[in-house]
Amino acid sequence: MNELITLDGLCIKSVDYGETDAIINVYATGRGKISAKVRGARGAKSKLRYAASPLTFARYVFSVKGDKATVTACDVYDSFFSLTADPVKFYAACTAAEFLDKTQPEGEYNNSLMLACLNCLRDLAYSDKDGEEVLRAFLLDALAAIGYARPGGRLRDLGNFLYKKTDIILESLRGFLRLKGI
């Protein structure tokens, strides 16, 4: 029997699957990362098209059977669509989403990290703040949220953590950001 679960979440990753479906990762409040299938997401008349769009913050309805989840409905709160007009801000937003995807295992939820990511997206989309500064602030807040802060605002030695989880993210930032204080 299928169980219906309704959660607010942020789509942090979407991968095409088959002709019109998508597999998404949603970072859901109270639950953490959830992988789910969105049937017909890439269809021309799909009602769930935005459910499979990265950076969409929405109320998702999942039908869960065993360890498989399928999105059956989605009410969008914000798609942060304005970010697509500015490549620097869009890149910064995608980096924040990638950080969530790469550092959070399925089923573990970190409220501070979720709030830091949503604040980052809000600042990028709706303020005049510099994209690099917003991303820098997010990364420092996010690393602190997952336990890599030290008293005095400095960060702990990140060697093993960066090697295993975020080397791709930080490599992609090279030349884009000048991370001071890390």
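The rules behind each value
Positions within a chain are numbered from 1, following the residues in the order the chain's sequence is written. Owing to the predicted nature of the model, reporting of local features is limited to residues with pLDDT of at least 70; listing and counting of side-chain atom pairs is limited to 80 or more, with chain, interface and lining totals taken over all residues. Side-chain numbers here rest on the full set of heavy atoms in the structure, without hydrogens or water. To sort residues, take the accessible area from a 1.4 Å probe on protein chains only and compare it with the maximum for the residue type: under 20% means buried, over 50% means exposed, and anything in between is partly exposed. Here a helix means four or more residues in a row that DSSP labels H or I, a strand means two or more in a row labelled E, and each is numbered from the N terminus. Strand pairing is assigned whenever DSSP identifies at least 2 bridges connecting the two strands. We define the nonpolar core as a collection of buried residues of types Ala, Val, Leu, Ile, Met, Phe, Trp, Tyr and Cys that are connected through side-chain atoms lying within 4.5 Å of one another. We call two residues in contact when some of their heavy atoms are within 4.5 Å. By convention in these notes, a salt bridge is any Lys or Arg side-chain nitrogen within 4 Å of a carboxyl oxygen on Asp or Glu. Two rings belonging to Phe, Tyr or Trp (six-membered ring only in the last case) form a pair when the distance between their centres is within 6.5 Å. Interplanar angles under 30 degrees mark stacking, angles over 60 mark edge-to-face geometry, and anything in between is tilted.

Caption draft 1: Region of the structure containing the pairing of strand 3 (residues 32–38). Most of strand 3 sits out of view: five of its seven residues are buried. The pairing of strand 2 (residues 21–28) with strand 3 spans seven bridges and is antiparallel. Residue pairing for strand 3: Ile23 is matched across the bridge by Lys37. Here strand 2 folds back onto strand 3 in antiparallel fashion, the turn holding three residues, of which Gly30 has a positive phi close to 80 degrees.

Caption draft 2: How the structure looks around the nonpolar core. Counting residues in each nonpolar core, the largest one holds 28 residues, and the members touching the most others are Leu10, Leu83, Leu121 and Phe138. For this core, the secondary-structure elements that each account for two or more residues are strand 1 (3–17), helix 1 (87–103), helix 2 (111–126) and helix 3 (131–145). Among the elements that make up this core, the one with the highest residue count is helix 2 (nine residues). Discounting residues that sit within four places of it in the chain, Leu83 has contacts with Leu55, Lys89, Phe90, Ala93, Leu121, Leu124 and Ala125. Formed by 21 residues, the second largest nonpolar core is a distinct cluster that contains Cys11, Val26, Ala51 and Ala58.

Caption draft 3: Focus on the pattern of salt bridges. Scanning the entire structure with this criterion turns up nine salt bridges. Here Glu98 and Lys102 are joined by a salt bridge, their closest N and O atoms 3.7 Å apart. One end of the pair is Glu98 and the other is Lys102, both in helix 1 and four residues apart, which spans about a single turn. For Asp123, the salt bridge identified is with Arg122, shortest N-O distance 3.1 Å. Using a relative accessible area of 15% as the deciding quantity, one classes Asp123 as buried. Note on Arg122: relative accessible area 41%, which makes it partly exposed. Each of Lys13, Lys33 and Asp101 takes part in salt bridges that share partners, so that together they form one network.

Caption draft 4: Representation of the packing of aromatic side chains within the structure. The tally for this structure, following the rule as stated, stands at five aromatic pairs. Judged by centre distance (5.4 Å) and plane angle (45 degrees), the rings of Phe57 and Tyr77 are tilted. Within this pair, whereas Phe57 is found in strand 4 (residues 57–65), its partner Tyr77 is found in strand 5 (residues 68–78), the two being separated by 20 residues in sequence. According to the relative accessible area criterion, Tyr77 is partly exposed, its value standing at 42%. Aromatic side chains Tyr60 and Phe62 sit 5.9 Å apart centroid to centroid with 20 degrees between the ring planes, which places their arrangement in the stacked category.

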